[in-house]
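Descriptive analysis of the structure
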Amino acid sequence: MNPKKLTFKNRKGLDLAAHLYEPLDQVPIYYAVFAHCFTCSQNFSAVKRISIALSQQGIAVLSFDFTGLGNSEGEFEESNFSSNITDLKDAADFLENTYQAPKMLVGHSLGGAAVLYASLDLPKVTAVVTIGAPAFPEHVTHLFTESLDQIEKLGSAEVKIGGRPFRISKEFVDDLNQKPLENLLKNLKKSLLIVHSPQDEIVGINNASELYHAARHPKSFVSLDGSDHMISKKEDSQYVGELISSWSKRYVLVDKKEGEKYLTDGNQVKVRLSGPGYTTEIKTPYHHMIADEPLEVGGNNLGPNPYDFLMASLGSCTAMTLKMYATRKKWDLKEVTVFLNHDKVHLNDSKNPNEKESKVSRFTRIIELEGI
């Protein structure tokens, strides 16, 4: 899936670069905004994978680069935690004015702390998700502890974070120190999901405990056991996206009458490749499915392959037809089981393609009936 590239202006007039991940039928259940981690960008692998996973579940996700990061305008040195928060609000305003107001905010690491602050001023946001978020924003200063004295004396200093150079200003550090989360969480009045790994070596699991105990209900915590702070494993980010989607079905408030228009009309079926591999989305008028290829051929194994879907169609049609016929005949048919298999016979058939016996693929079907 190729996300739509967008830009929007923040309140300082700077162009911020963004990606919009849309569902297959491009009529989302609702919109969400994703805030990336400190010094990351919207192109960070976990951001993309989680956004794709959410879009596969019908949720449109706007991810963007904060001021001075990625492809956004501005200087990182002149930004601070407060400007991250206002960038988030501006992203929400952009969505509301252009598409629809977001109902959920998702934030990773320091972005998790930022979405908590931003959500207070966004009344249409009903749910907030934090992933590996610090309970105290100033926690990130441990990434450049050795430079704090120099920053204090000179007003700024160049530090290396993740092997990349960044200039950190004294104003940035001071702003972090002035943003305790405890009082904010008591007044949040939004549904909250906290996702954190016990093995997180950058933001310890105790931060999740602090956030959880300070927040009011409804609140949820899920342990992302075995993951690192950057959610570098593909299966972990896929799981996080599916987890958020499932959780949001209970806690994101969507008008049911409004949701009816999101169904695909008629008998239309839509299919779209999603991501760089073979993962494919399938949308029928009332259902959403994933097709994929096995890991050994370069897929992610997130769903049945096309041959399995074809056999499933043949098997289910067989079972339903037999059930309908037995009902009309008033036969006591208790159960129908259909076993199917697929053989590829390309080599032999390609030698004599015009012969009636030649088949490129062969499907076999064994039917078991009980009760007749």
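1. Considering unusual backbone geometry
Following His 217, the chain continues into Pro 218 via a peptide bond in cis, with omega recorded as 5°. Of note, the phi angle at Lys 189 is positive, near 55°, even though the residue is not glycine. Residue placement: Lys 189 occurs in the loop between α6 (182-186) and β9 (191-196). With relative accessibility at 68%, the residue Lys 189 sits in the exposed group.

2. A word on empty space enclosed by the protein
For the coordinates displayed, the defined rule picks out two cavities of 30 Å³ or more. When its volume is computed, the second largest cavity comes out at roughly 50 Å³. His 108, Ile 131, Gly 132, Val 195, His 196, Ser 197, Asp 200, Leu 224, Ser 227, Asp 228 and His 229 together form the lining of the second largest cavity. For the lining of the second largest cavity, the per-class residue count stands at three nonpolar, six polar and two charged.

3. Brief notes about the pattern of salt bridges
Counted under the stated rule, the structure contains seven salt bridges. Across the pair Glu 96 and Lys 124 runs a salt bridge whose closest N-O atoms are separated by 2.6 Å. Of this pair, Glu 96 sits in helix α2 (residues 81-98) while Lys 124 sits in the loop between α3 (110-119) and β6 (127-131), placing them 28 residues apart in sequence. Since its relative accessible area comes to 34%, Glu 96 is described here as partly exposed.

4. Observations concerning the sheet that holds strand β12 (residues 280-283)
Strand order in the open sheet made by the three strands is β11-β12-β13, with antiparallel pairing throughout. Across the chains shown, the open sheet's two edge strands, defined by having one partner strand only, are β11 (270-273) and β13 (288-291). Here the strands of the sheet are splayed against their neighbours by 20° on average, with no regard to which way each runs.

5. Considering helix α8 (residues 234-251)
The terminal C-alpha atoms of α8 lie 26 Å apart, and with 18 residues this matches the ideal 26 Å at 1.5 Å per residue to within 8%. Among the residues of α8, those classed as buried are Asp 236, Ser 237, Gln 238, Val 240, Gly 241, Leu 243, Ile 244, Ser 245, Trp 247 and Ser 248.

6. Points about the nonpolar core
Counting residues in each nonpolar core, the largest one holds 45 residues, and the members touching the most others are Phe 64, Leu 88, Leu 116 and Leu 185. Those residues within four positions of Leu 185 in sequence are excluded, and the remaining contacts are Leu 116, Leu 192, Leu 211, Ala 214, Ala 215 and Arg 216. Counting residues in each nonpolar core, the second largest holds 29 residues, with Ile 131, Ile 231, Leu 243 and Trp 247 among its members.

7. Concerning the packing of aromatic side chains
The relation between two aromatic rings is expressed through the spacing of the ring centres and the mutual angle of the planes. Within the structure shown, the criterion is met by six aromatic pairs. For the ring pair Tyr 31 and Tyr 99, a centre distance of 5.8 Å and an interplane angle of 35° mean the geometry is tilted. With Tyr 31 in strand β3 (residues 30-35) and Tyr 99 in the loop between α2 and β5 (104-108), the pair connects residues that are 68 residues apart, well separated along the chain. Three or more aromatic residues joined by ring pairs make a cluster, and in this case those are Phe 8, Phe 64, Phe 66 and Phe 94. We note Lys 219 situated over the ring of Tyr 212; from NZ or CZ to the ring centre the distance is 4.4 Å.

8. A short note on the packing of helix α1 (residues 45-56) against α8
Viewed as axis vectors pointing N to C, α1 and α8 meet at an angle of 40°, and their least axial separation amounts to 8 Å. Judged on the interaxial angle alone, α8 and α1 are oblique. The two elements α1 and α8 cross, and the hand of that crossing is right-handed. Here Ala 46, Arg 49, Ile 50, Ala 53, Leu 54 and Gln 56 of α1 come into contact with α8, specifically with Lys 234, Ser 237, Gln 238, Val 240, Gly 241, Glu 242, Ile 244 and Ser 245. Residue composition of the contact of α1 with α8, grouped by class: six nonpolar, five polar and three charged.

What counts, and where the lines are drawn
- Residues numbered from 1 in each chain as written.
- Predicted model: local features only at pLDDT ≥ 70, side-chain atom pairs only at ≥ 80, totals over all residues.
- Heavy atoms only, no water.
- Helix = DSSP H or I, 4+ residues; strand = E, 2+ residues; numbered from the N terminus.
- Buried < 20%, exposed > 50% of the residue type's maximum accessible area, 1.4 Å probe, protein only.
- 1 Å grid on protein atoms, 1.4 Å probe; cavity = no way out; pocket = protein on both sides within 12 Å on 5 of 7 lines; lining within 4 Å.
- Points joined across faces, edges and corners; volume = space filled by probe spheres on them.
- Nonpolar A, V, L, I, M, F, W, Y, C, P; charged D, E, K, R; others polar.
- Salt bridge = Lys/Arg side-chain N within 4 Å of Asp/Glu carboxyl O.
- Pairing = 2+ DSSP bridges.
- Axes fitted to C-alpha atoms, helices over the stretch in contact; angles between N-to-C directions.
- Expected span 1.5 Å × (residues − 1).
- Core = buried A, V, L, I, M, F, W, Y, C linked by side-chain atoms within 4.5 Å.
- Contact = heavy atoms within 4.5 Å.
- Phe/Tyr/Trp six-rings, centres within 6.5 Å; stacked < 30°, edge-to-face > 60°.
- Lys NZ or Arg CZ within 6 Å of the ring centre and 35° of its normal.
- Parallel < 35°, antiparallel > 145°, perpendicular 65-115°, else oblique.
- Left-handed = near helix turned anticlockwise from the far one by under 90°.

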